[in-house]
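Descriptive analysis of the structure
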Protein chains: 2
Amino acid sequence: MPELRKDPILGRWIIIAKERSKRPTDFVIEDTKTRGGFCPLCPGNEKTTPGEVLVYGREPGMPANSSNWRLRVVPNKYPALVIEGELDKQAEGLYDRMNGIGAHEVVIESPNHDDRFSDLPHDQMILTFRAFRDRIRDLAKDSRFRYVMVFKNHGRAAGASLEHSHSQLVALPILPRMVTSELDGSLKYFRYKDRCVFCDIIHQEIQQNVRLVCENPLFVTLAPFAPRSPFEMWIMPRKHSSSYVAIDEETLAGLTDIFSESLRRLDACIPNVPYNFVLHTQPLGSDLLDHYHWHFEIVPKLTSIAGFEWGSGFYINPMPPEEACRYLREVEL
Amino acid sequence: MPELRKDPILGRWIIIAKERSKRPTDFVIEDTKTRGGFCPLCPGNEKTTPGEVLVYGREPGMPANSSNWRLRVVPNKYPALVIEGELDKQAEGLYDRMNGIGAHEVVIESPNHDDRFSDLPHDQMILTFRAFRDRIRDLAKDSRFRYVMVFKNHGRAAGASLEHSHSQLVALPILPRMVTSELDGSLKYFRYKDRCVFCDIIHQEIQQNVRLVCENPLFVTLAPFAPRSPFEMWIMPRKHSSSYVAIDEETLAGLTDIFSESLRRLDACIPNVPYNFVLHTQPLGSDLLDHYHWHFEIVPKLTSIAGFEWGSGFYINPMPPEEACRYLREVEL
């Protein structure tokens, strides 16, 4: 059983995934090992993953886990958290821990092994964003869960361990530190100004027009004012909404358009750059919030600048966002 | 002039180091480029670095920046922050920025290019820890500075751009987020318990004896209860002290002994593992604090597990610290 542990000083929760444990030297080997030709995410290999929890595009009447599909969501075969059991919260002296109860799912974004997410046509890419919504809605019914992290690792340097294009959902019984910090920070702003800080950012960025990468009637993509990484981008809905699960079909289409354009701009600047994206949305089971605003953050993984920053919270970024924005705007698509 | 920018939601400060700016494709090239045979940190090349601000082991009467030395501290030739100028704090709409005033120094830990920090003999390694103390003391005289970050990147994967063994100091006009979070967290504990949380951790870890990697009369090395990374280690003085600059010669010797042993244990588990270490100490110009306790955190950089964690504050660690501790204890030195 995995375990959730809380740092007693910072309040930061960590998943100790014992089942993934390895001998010390295995860590180094994994870093460079090459993969064989077998892909568990490809059509025809459905029986090598746990049974699907969501599928789009299979013809009516075909059995579950058969090969005809456009997108599948399956539980992770090596989950960081497990779905069965009680939280069993315990103290160990001054420390806090609980059982690693949660869900860990893989969104297989296309049946084609060689498709890259950024190159997917609109009608295929939209399935991923719809799957995020539908899976969060379903996981929210489990009262043990307080948050669903949605993210994608693209490229080995960004943590992807399988080539076949996929993203992940992790349902958690706790709120990650990033979420509580954003909620606290935006609430503080709201109490002072009586406005959503994200709405104010969007308003200012449209006016200044120096960090606005691209836009459409429903969304903007910004190079944020204080980015951790060169070419970091935030994709934000123009209309205030704290919860991704409330997204409708028209908004899904607008999101897909701007996500596709933003990633293609990034890829044109730095071909095949590894990146992570993370959905930032409100906690499960809370009312809609006036002070919070859902969005996606896309953070390229440029190892030449990632040093000790991730362990210290202190970032040095050699690329002003205004300059990154100019590059991103000017590329030919 | 570099710039300090604050994220308006999280309050996280970022350094925008414009002078280090590059074209987009340069980021990818840097990642794999090989270095020529020239090392600016080697004896004989003193003129290729800015003039030294501290030197140990040069014979009396020899001129500054001549080749006879055991340890040198020099300003970084490509500093993230610059020493001359005013902070000039400004608003840009809802954003906050100031000039990137600060100091960025390089501690050249040995004259020998091929020495690894973990293999340095006691009488050489101690110079590094003494240099940290002496440079922080000196930088503290500049009233513009509120904190000195002290850290080492070992290995390219951990952000080291030069092979020659070195560490770095960055004097900052703001408090990094990690520091304020630790101060806030430990103060909250102190107000509730009237005890230092770090002292309580040391006490509990010695009693439980399952995450205690090694110890000597003055220090303990722990595998922390909720580690971000496999084989993460914290080196903590047994005696309560909030400020590293108060360290005396006997304590420096004890620190050197346990640091050397801890790194050699780590290296015996995972040969030549890249790692970062960061000194955690109280802000400059504050009285000694009852609730805070200086320490070093050593975080191995194992790329196979570093995914989107650094951008989300959400960590999955496949190695329970009790198991890492057993490996670290059992290796032959």
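Parameters at a glance
Residues numbered from 1 in each chain as written. Chains lettered and ligands numbered in written order. Predicted model: local features only at pLDDT ≥ 70, side-chain atom pairs only at ≥ 80, totals over all residues. Helix = DSSP H or I, 4+ residues; strand = E, 2+ residues; numbered from the N terminus. Rg over C-alpha atoms; globule rule 2.2 N^0.38 Å. Buried ≥ 20, exposed ≤ 12 C-beta atoms within 10 Å, placed from the backbone. Expected span 1.5 Å × (residues − 1). Arc of directions from axis to C-beta. Contact = placed C-beta atoms within 7 Å. Pairing = 2+ DSSP bridges. Axes fitted to C-alpha atoms, helices over the stretch in contact; angles between N-to-C directions. Parallel < 35°, antiparallel > 145°, perpendicular 65-115°, else oblique. Left-handed = near helix turned anticlockwise from the far one by under 90°. Nonpolar A, V, L, I, M, F, W, Y, C, P; charged D, E, K, R; others polar. Core = buried A, V, L, I, M, F, W, Y, C linked by C-beta atoms within 7 Å. Domains from an automatic or database assignment. pLDDT = per-residue confidence, 0-100.

**Observations regarding the overall build of chain A**
The number of helices and strands found in chain A is 7 helices and 15 strands. What you see for chain A is a C-alpha radius of gyration of 20 Å, in line with the 20 Å of a compact globule of 333 residues. Principal-axis analysis of the C-alpha atoms places the extent of chain A at approximately 50 × 50 × 40 Å. Per-residue burial over chain A gives 50% buried out of 333 residues.

**Observations regarding helix H3 (residues 177–193) of chain A**
Residue and element names in this part refer to chain A. If you check H3, its first and last C-alpha atoms are 24 Å apart, about what 17 residues at 1.5 Å a residue would give, namely 24 Å. Of all the positions in H3, only Val179, Glu182 and Ser186 are classed as buried. End-on, the buried residues of H3 take up no more than an arc of 70°, which puts them together on one face. Turned more than 90 degrees away from the buried face of H3 sit Arg191 and Tyr192, all of them exposed. In this fold, the buried residues of H3 make contact with strand E8 (147–154), helix H4 (197–208) and strand E13 (275–280). At the exit of H3 stands Asp194, carrying a positive phi of roughly 60°.

**Some words on the sheet that holds strand E5 (residues 90–92) of chain B**
As summarised here, the arrangement of the 5 strands in space is E15(A)-E2(B)-E1(B)-E6(B)-E5(B), forming an open sheet in which the pairing is mixed. Every other strand in the sheet has two partners, leaving strand E15 (315–317) of chain A together with E5 of chain B as the edge strands with one partner each. Neighbouring strand axes in the sheet, compared pairwise and without regard to direction, differ in orientation by 30° on average. Examined bridge by bridge, E5(B) and strand E6 (residues 95–99) of chain B share 3 bridges and lie antiparallel to one another. For B:Gln90, the partnering residue across the bridge sits in E6(B) and is B:Arg97.

**Considerations on the packing of helix H2 (residues 122–139) of chain B against helix H5 (residues 249–269) of chain B**
Residue and element names in this part refer to chain B. Where H2 meets H5, the axes come as close as 9 Å, and the angle between the chain directions of the two elements is 115°. One way to sum up the angle between H2 and H5 is to call them roughly perpendicular. The hand of the H2/H5 crossing is right-handed. Between H2 and H5, the residues in contact are His122, Met125, Ile126, Phe129 and Arg130 and Leu252, Ala253, Leu255, Thr256, Asp257 and Ser260, respectively. For the contact of H2 with H5, the per-class residue count stands at 6 nonpolar, 3 polar and 2 charged.

**Observations regarding the sheet that holds strand E4 (residues 71–75) of chain A**
All names here are of chain A. Within the open sheet, the 10 strands sit side by side as E3-E4-E7-E9-E8-E13-E14-E12-E11-E10. Their pairing is antiparallel. On the outer flanks of this sheet lie strand E3 (54–56) and strand E10 (212–215), each paired with one strand and no other. Ignoring strand direction, the axes of neighbouring strands in this sheet form an average angle of 20°. Summarising the sheet, strand E12 (residues 233–237) and strand E14 (residues 295–300) pair through 3 bridges and their orientation is antiparallel. In the sheet register, Met233 faces E14, and the bridge partner there is Ile298. Against the sheet, helix H2 (residues 122–139) contacts E3, E4, strand E7 (103–108), E8, strand E9 (166–172) and E13, and its axis sits at roughly 35° relative to E4.

**A closer look at the nonpolar core**
Counting residues in each nonpolar core, the largest one holds 90 residues, and the members touching the most others are A:Ile15, A:Val148 and A:Met233. With 8 residues, H2(A) is the largest single contributor of residues to this core. Once residues within four sequence positions are removed from consideration, A:Met233 is found in contact with A:Val213, A:Thr221, A:Leu222, A:Ala223, A:Ser262, A:Leu266 and A:Ile298. Listed in part, the 89 residues of the second largest apolar core include A:Phe225, B:Val106, B:Leu127 and B:Leu139.

**A short note on the pairing of strand E8 (residues 147–154) of chain B**
Residues and elements named next belong to chain B. Of all 8 residues in E8, 8 are buried; the element is thus mostly enclosed. Alternating positions in E8 separate into two faces, Tyr147, Met149, Phe151 and Asn153 on one and Val148, Val150, Lys152 and His154 on the other, with burial throughout. The pairing of E8 with strand E9 (residues 166–172) spans 5 bridges and is classified as antiparallel. What sits directly across from Phe151, in E9, is Gln168. Two strands pair when backbone bridges link them, and E8 and strand E13 (residues 275–280) are joined in this way by 5 bridges, in the antiparallel orientation. Considered in E13, the bridge of Asn153 is made with Asn276.

**A short note on the environment of A:Leu162**
Residues and elements named next belong to chain A. Within the secondary structure, Leu162 sits in the loop between E8 and E9. The exposure class assigned to Leu162 is partly exposed, which follows from the 15 C-beta atoms found within 10 Å. In this structure the C-alpha to C-alpha distance between Leu162 and Tyr327, which are 165 residues apart in sequence, comes to 30 Å.

**A word on the domain arrangement of chain A**
All names here are of chain A. Taken domain by domain, chain A consists of domain 1 (3–29 + 39–175) and domain 2 (178–330). Placing a centre on the C-alpha atoms of domain 1 and another on those of domain 2 gives a separation of 22 Å. Each partner contributes to the interface: domain 1 provides 26 residues, whereas domain 2 provides 25 residues. Those elements giving two or more residues to the side of domain 1 that touches domain 2 turn out to be H2 and E8. Looking at the side of domain 1 that touches domain 2 element by element, the count peaks at 9 residues for H2. Tallied by class, the residues present in the side of domain 1 that touches domain 2 amount to 15 nonpolar, 5 polar and 6 charged.

**Notes on the pairing of E13(B)**
Residue and element names in this part refer to chain B. Burial analysis of E13 places 6 of its 6 residues in the buried class, the great majority of the element. Burial of the side chains of E13 extends over both faces: Tyr275, Phe277 and Leu279 are buried on one face and Asn276, Val278 and His280 on the other. Strand direction decides the pairing type here: E13 and strand E14 (residues 295–300), joined by 6 bridges, are antiparallel. Bridge pairing links Val278 to Glu297 in E14.

**Section: helix H4 (residues 197–208) of chain B**
Residue and element names in this part refer to chain B. With 12 residues, H4 extends 16 Å from end C-alpha to end C-alpha; this agrees with the ideal 16 Å at 1.5 Å per step. For H4, every residue scored as buried is listed here: Val197, Phe198, Ile201, Ile202 and Glu205. The arc that holds the buried residues of H4, viewed along the axis, is 140°, so those residues lie on one side. In the core, the buried residues of H4 are packed alongside helix H3 (177–193), strand E10 (212–215), strand E11 (219–222), strand E12 (233–237) and E14.

**Topic: the confidence of the model for chain A**
All names here are of chain A. Averaged over all residues, the pLDDT of chain A is 92; the fraction at 70 or higher stands at 93%. Here residues 29–34 is a poorly scored stretch, pLDDT under 50, and it has 3 contacts once near neighbours within four places are set aside; other chains count. Confidence metrics for the complex model read pTM 0.93 and ipTM 0.90.

**Looking at unusual backbone geometry**
Residues and elements named next belong to chain B. Not every positive phi belongs to a glycine, and Asn209 is a case in point at roughly 60°. Its place among the elements puts Asn209 in the loop between H4 and E10. Positioned with a positive phi, Asn272 is a non-glycine residue whose angle comes to about 55°. Mapped onto the elements of the fold, Asn272 is located in the loop between H5 and E13. What makes Asn272 exposed here is the crowd of 11 C-beta atoms within 10 Å.

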